Amino acid sequence: MSSLKYLLGAAVGLAALAAMSVSALALTVGFSQVGHESDWRTAFTKSMQDEAKAEGIDLKFSDANQKEEDQLKAVRSFIAQKVDAIVIAPIVVTGWDQVLKEAKAANIPVFIVDRDVDTADKSLWVCRIAADFNLEGRLAGAWAMQAMVGRGNLVELVGTVGSAAAEYRRTGFNAVEALFPLVKTVKSQSGDFTTQGGKEVMESFIKATDGLKDVKLVWAHNDNMLLGAIQAMKEAGLHPGKDILTVSVDGVPDIFKAMLAGDANASVELRSDIGPDIFAVVKAYLGGKHDWPKWVVIPSALHTIADAAEVLKKKEGN
Ligand code: AHR
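**Student:** Looking at this structure, I do not really get the nonpolar core. What am I missing?
**Tutor:** Generally speaking, soluble globular proteins have nonpolar side chains that are buried together. F44, V87, F111, M202, L212, M233 and I278 are the most contacted members of the largest nonpolar core, which totals 64 residues. Residues A74, I86, A103 and W125 belong to the second largest nonpolar core, which totals 17 residues.

**Student:** Got a minute to help me understand the pattern of salt bridges in this structure?
**Tutor:** Where charged atoms of side chains with opposite charge meet at close range, the side chains can pair. Inspection of the entire model under this criterion finds 20 salt bridges. With a closest N to O distance of 3.2 Å, K199 and E235 form a salt bridge. Taken together, the residues K199 in helix α7 (residues 195-208) and E235 in helix α8 (residues 223-235) connect sequence positions 36 residues apart. Classification of E235 by relative accessible area gives exposed; the value is 58%. Ionic pairing is found between D291 and K289, a salt bridge with its closest N-O pair at 2.9 Å. Looking at D291, the relative accessible area reads 60%, which means it is exposed. Among the charged side chains, a salt-bridge network with shared partners connects E37, R41, D114 and R115.

**Student:** What is the right way to read empty space enclosed by the protein from this model?
**Tutor:** For the structure shown, the criterion picks out two cavities of 30 Å³ or more. By volume, the largest cavity amounts to about 80 Å³. Along its surface, the largest cavity is lined by 13 residues, and W40, R41, R115, R169 and F193 are the ones closest to its centre. At the level of elements, α2 (39-54) and α6 (164-177) are the ones that each hand at least two residues to the lining of the largest cavity. Per-class residue counts for the lining of the largest cavity are five nonpolar, two polar and six charged. In terms of lining residues, the second largest cavity is bounded by W40, D114, I129, A130, A131, L270, R271, I274 and I298. Among the elements that line the lining of the second largest cavity, the one with the most residues is strand β5 (residues 128-131), at three residues. Here the residues of the lining of the second largest cavity sort into seven nonpolar, no polar and two charged.

**Student:** Could you clarify how one ought to interpret the packing of helix α3 (residues 68-80) against helix α4 (residues 97-105) in this entry?
**Tutor:** At a closest axis distance of 10 Å, the pairing of α3 and α4 adopts a crossing angle of 10°. By the angle between their directions, the pair α3 and α4 is classed as roughly parallel. Facing α3, whose interface residues are L72, V75, R76 and I79, α4 presents Q98, V99, E102 and A103. Classifying every residue of the contact of α3 with α4 gives five nonpolar, one polar and two charged.

**Student:** When you look at α6 in this model, what are you seeing that I'm missing?
**Tutor:** Every α-helix winds through 3.6 residues per turn, so residues three or four apart in the chain are directed the same way. Compared with the 20 Å implied by 1.5 Å per residue over 14 residues, the 19 Å span of α6 between its first and last C-alpha is a close match. The inward-facing, buried residues of α6 contact α5 (133-147), β6 (152-158), β7 (183-190), β8 (215-220) and β9 (245-250).

**Student:** Sorry if this is basic, but what is going on with the pairing of strand β1 (residues 28-33) here?
**Tutor:** When a strand is regular, its side chains alternate between the sheet's two faces. In terms of residue burial, β1 counts as a mostly covered element, since six of its six residues are buried. Burial along β1 is two-sided: the face carrying T28, G30 and S32 and the face carrying V29, F31 and Q33 are both buried. With six bridges connecting them, β1 and strand β2 (residues 58-63) associate as parallel partners. By the bridge assignment for β2, Q33 is matched with D63. As a crossover connection, the stretch from β1 through α2 into β2 is right-handed. Sheet topology places β1 next to strand β3 (residues 85-88); four bridges connect them, and they run parallel. Within β3, the position partnered with F31 by the bridge is V87.

**Student:** Mind showing me how you'd approach α3 here?
**Tutor:** Under the 1.5 Å per step criterion, the end-to-end length of α3 is 19 Å for 13 residues, consistent within 8% with the ideal 18 Å. Within the sequence span of α3, burial applies to Q71, A74, V75, F78 and I79. Each buried residue of α3 lies within a common arc of 140° when the element is viewed along its axis, so the set occupies one face. Structural note: α3 exposes K73 and A80 on the side pointing more than 90 degrees away from its buried face. Contacts from the buried residues of α3 go to β1, β2, β3 and α4. Directly after α3, the chain includes K82, whose backbone phi takes a positive value near 55°.

Procedures and definitions
- Residues numbered from 1 in each chain as written.
- Predicted model: local features only at pLDDT ≥ 70, side-chain atom pairs only at ≥ 80, totals over all residues.
- Heavy atoms only, no water.
- Core = buried A, V, L, I, M, F, W, Y, C linked by side-chain atoms within 4.5 Å.
- Buried < 20%, exposed > 50% of the residue type's maximum accessible area, 1.4 Å probe, protein only.
- Salt bridge = Lys/Arg side-chain N within 4 Å of Asp/Glu carboxyl O.
- Helix = DSSP H or I, 4+ residues; strand = E, 2+ residues; numbered from the N terminus.
- 1 Å grid on protein atoms, 1.4 Å probe; cavity = no way out; pocket = protein on both sides within 12 Å on 5 of 7 lines; lining within 4 Å.
- Points joined across faces, edges and corners; volume = space filled by probe spheres on them.
- Nonpolar A, V, L, I, M, F, W, Y, C, P; charged D, E, K, R; others polar.
- Axes fitted to C-alpha atoms, helices over the stretch in contact; angles between N-to-C directions.
- Parallel < 35°, antiparallel > 145°, perpendicular 65-115°, else oblique.
- Contact = heavy atoms within 4.5 Å.
- Expected span 1.5 Å × (residues − 1).
- Pairing = 2+ DSSP bridges.
- Right-handed = clockwise from strand over helix to strand, strands pointing away.
- Arc of directions from axis to C-beta.

Structure, rendered in structure tokens:
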């Protein structure tokens, strides 16, 4: 080989290597997750991890176990690791200003997913990619009011106090309930979005209301709390799905199984397969597309026994 050919060959090789290293210099993204409190959350984590793998993204994952201080620590550690972007699914809406200022000072773009944050300066984060929790509450409320024929008592299982999912769903549901003066929420308590929490709170409701006497419906801010409540009601000899109507949010496989078994009635689906939607925004942003709407909305839909079998089939990939 002449030395010119050799030099050309080497240059082409180097250029190819450089191009490779830009794409293979995988993006590093820090993802601070709420925890693993519900089936929905676990499915969402899997969607993020699967998509990162498929896209060759180096995902630094941190599960905060529903502890706000752990979540702040995780974000600070992503900043120290100089990741390319940070994705946060916030536990609660408050307490974010300082750490987001630190991310901004380090020039690391932050994307809020799932739950919301309340910051004085909205420019501290690029955008939020999430479903409309208020709409979920209104959908659940509209179904509930119709099922109750506009009158009677209901009990409410509230999600994590201070979380956008609990607050916005509750506001949405209450706005619909307010149109029905003969409907009353007689008990309302947080079960922290967990099955165990839902079971314990329902046990206390059962005691306090003489076995849910005069209660027509249970409204749960997520399916897992309702699944726990169903256990409690059955253990108390009650018939959820029949004597006591149910409506919840998430649309996890077990709630459709409960509907098919006649133990539950309706659930508003919160999509958990949103890893691709989230990384599409992160990648496009890092690639130079900065004009994102502040809220990229993920649609939600209500399901009942009418389509439970079909939805479950899809979810289980059959
Ligand atoms: O933020 C979304 C909520 O968080 C889901 O509805 C619930 O299951 C989870 O814990």
